[in-house]
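Each chain is listed here by its residues.
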Amino acid sequence: MEYNTTEGTNPTGASPAGAGGLSEHTAAAVAYLTIIPAIIFLLVAPYNRMPFVRFHAMQSLGLGLLWIVVLSVLSAITIICWIILPFAELAFLAMWAYTVLQACKGNWFKLPI
């Protein structure tokens, strides 16, 4: 299937990858792998000029920092919190998986936190 390169988008609505670059949807999903790609996408052109990638990179940083803070606080507290810790980890894992899926689909899903 061909698409018109003068328009700048393919039939799925994603921007075509540049010479060796990632499409917007792929870059947004990759930003969720760890906080390192998210920081890179916020600093390196052309990704830092793509609002969709910037949005998901910032959300990835927020989710990663929240994960670190909440899990470190819960693990530092009493044994009762150690019971809650696995459920908190599963909740963060579910949020992460859902945001990656939404980024792949091209949705601007904002976490409620």
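About the thresholds
Residues numbered from 1 in each chain as written. Predicted model: local features only at pLDDT ≥ 70, side-chain atom pairs only at ≥ 80, totals over all residues. Heavy atoms only, no water. Patch = residues over 30% accessible without salt bridge, like charges linked within 9 Å, V, L, I, M, F, W, Y side chains within 5 Å. Areas by Shrake-Rupley, 256 points an atom, 1.4 Å probe, with all protein chains shown as cover. Salt bridge = Lys/Arg side-chain N within 4 Å of Asp/Glu carboxyl O. Helix = DSSP H or I, 4+ residues; strand = E, 2+ residues; numbered from the N terminus. Phe/Tyr/Trp six-rings, centres within 6.5 Å; stacked < 30°, edge-to-face > 60°. Buried < 20%, exposed > 50% of the residue type's maximum accessible area, 1.4 Å probe, protein only.

Trainee: I'd love a proper account of a nonpolar patch on the surface, names of residues and values included.
Mentor: On the surface, a nonpolar cluster with roughly 520 Å² of combined accessible area is contributed by Ile-35, Ile-36, Ile-39, Ile-40, Leu-43 and Val-44. Along the chain, Ile-39 turns up in helix H2 (residues 35-43).

Trainee: Summarise the packing of aromatic side chains; cite the residues concerned and give the values.
Mentor: Aromatic ring pairs: the centre-centre distance and the angle between the two ring planes describe each pair. Summed over all chains, the structure comprises five aromatic pairs. Seen from their ring centres, Phe-52 and Trp-108 are 5.3 Å apart, and the 70° between their planes marks the pair as edge-to-face. Here Phe-52, found in helix H3 (residues 51-76), pairs with Trp-108, found in the segment after helix H4 (79-105); they are 56 residues apart in sequence, far enough to count as distant. Considering the side-chain rings of Phe-55 and Trp-108, the 5.3 Å spacing of their centres and the 40° angle between planes classify their relative orientation as tilted. Highlighted residues: Phe-55 in helix H3 and Trp-108 in the segment after H4, separated in sequence by 53 residues. Take Phe-55: its relative accessible area is 22%, and that puts it in the partly exposed class.

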